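Okay, here's what each chain looks like letter by letter:
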Amino acid sequence: MVWGWVTNFFTYETTKSVVVKSWLVGIINRVVQVLIITYFVGWVFIHEKAYQVSDTGIESSIMTKVKGFGYHQDQLMDVADFIFPQQGAAVFCIMTKLIITENQFQGKCAENGKGYSCNTDTDCEQHLGSILTNGRITGACLHGGDMSKGQCEVEGWCPVENDSIEMDPMVDVENFTIFIKNSIRFPLFNITRGNFPSNMTSEEIKKCKYNTETNPFCPIFQVGDILKYTGQNVAGLAKKGGEIGINIEWKCNLDLDIEYCVPKYAFTRLDAPFAKNAVSQGFNFRFAKYFKTQNGTEYRALHKAFAIRFDVLVTGKAGKFNTIPTLINLVAAFTSIGLGTVLCDLILLNFLKGAEQYKAKKFEEVSEAQIEASLAPSPSSQISIKEGMKSSYDSGAHSLATADQPV
């Protein structure tokens, strides 16, 4: 048994050509080869540009600037009033509604809301340690002068905020404009680009407005147009707020002129999954402005702001021809063409009539004894060829016609 394993291990297999004249197998073979070639040429090389080396580690810088005027509660507001933060970063908010609680001092007062109504102190003790209140619950129940139903007492900034006030939002926000200045760099190729043409003058920038068809490279965007591209409107976002994404995509083929490396803008509502939720709709945040009285006592004005938040996102990919990925994908393409042979062999060996005959022609064992016997001189020996079998004297290939297969 050991000797048989050793002899089987030290064997050599070589290919043997068997020409099968079958329309079915021939058509399958050519169709598979055409599909594989089409895939590599059309998708891998043309669409995916697999002959290039790519750089996706884009370095980006964003500067934004908003301009406009709007009325809120009969008060004219400018960019210093409704933009937060004011640094012109990639993430900024345009406030559409403000609820202001004036003159808050540190002290103790009654909490707002029906959930904190009480009759005795025991009713308030269940709220001790709650973080959903406007201050720290003391456990005391405060009653009015008529001994009506009371409210739980809190310690903090008083009077507490009442954010259930109804007011009209600032709808003028749709006329505001956003200027976006974006510079990028692909470190692998040391290529730097800006999001608007370098030959664009200041007068042209001041007059242009972004449009996907007529002016796709203008860096000034009107808020109403951005919302329209996302399928939203100011009336639906101004009351509760929302989050809008501005994506700047850089997809550059550096085999072409560098001037063809230009940005493409896309817009989407990022908080769309929560738009129909019963809780946590929209976008809001709080901030305060602090003051001091003449005697040095600190007080503040609390602002609860509902806003449209804009996130400017930058993505990019640059590619350039390189020999190594080209050779790798060419080898993969030529290797994959052989899959047609594998599929045809599978059909011939298992599903067609005459499979056994095909196996006999495709696989043949040759031992050393057979070689020595064939080399031994024998005057009476002659080469016999089975009737109907064609032998190729120059290549050793056998041609097996469909007629040769037993029915």
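An account of the accompanying structure is given in this report. (Residues numbered from 1 in each chain as written. Predicted model: local features only at pLDDT ≥ 70, side-chain atom pairs only at ≥ 80, totals over all residues. Heavy atoms only, no water.)

1. Details of unusual backbone geometry
Test applied: Where helices and strands are cited, they refer to DSSP runs of H or I of at least four residues and of E of at least two residues respectively, numbered from the N terminus. Remark: exposure states derive from per-residue accessible area (1.4 Å probe, protein chains only) relative to the maximum for the residue type, with buried under 20%, exposed over 50%, and partly exposed in between.
Across the junction of F84 and P85, the peptide omega takes the value -10°, indicating a cis bond. Here P85 is to be found in the loop between β6 (83-84) and β7 (91-110). In this structure, P159 follows C158 across a cis peptide bond, with omega equal to 0°. Structurally, the position occupied by P159 is in the loop between β10 (150-158) and β11 (177-186). The residue K49 is not glycine, and still its phi comes out positive at about 50°. Following the sequence through the fold, K49 ends up in the loop between α2 (23-47) and β2 (52-55). For K49, a relative accessible area of 27% translates into the label partly exposed. Phi is positive for N103, which is not a glycine, with a value near 50°.

2. A short note on the state of the cysteines
Heads up, the rule is: In this description, the term disulfide denotes a pair of cysteine sulfurs within 2.5 Å.
In the structure shown here, the tally under the stated rule is 5 disulfides. Paired by a disulfide, C109 and C158 hold their sulfur atoms 2.1 Å apart. On the sign convention where negative means left-handed, the S-S torsion of about -85° between C109 and C158 marks this disulfide as left-handed. Residue C109 is located in strand β7, and its partner C158 is located in strand β10; the two are separated by 49 residues in the primary sequence. Grouping residues by exposure puts C109 and C158 together as buried. Sulfur-sulfur distance for the disulfide between C118 and C141 comes to 1.9 Å. On the sign convention where negative means left-handed, the S-S torsion of about 95° between C118 and C141 marks this disulfide as right-handed. Within this pair, whereas C118 is found in strand β8 (residues 117-118), its partner C141 is found in strand β9 (residues 136-142), the two being separated by 23 residues in sequence. Judged by relative accessible area, C141 falls into the buried class, the value being 11%. The connectivity of the disulfide-linked cysteines in the chain, indexed sequentially, is 1-6, 2-4, 3-5, 7-8, 9-10.

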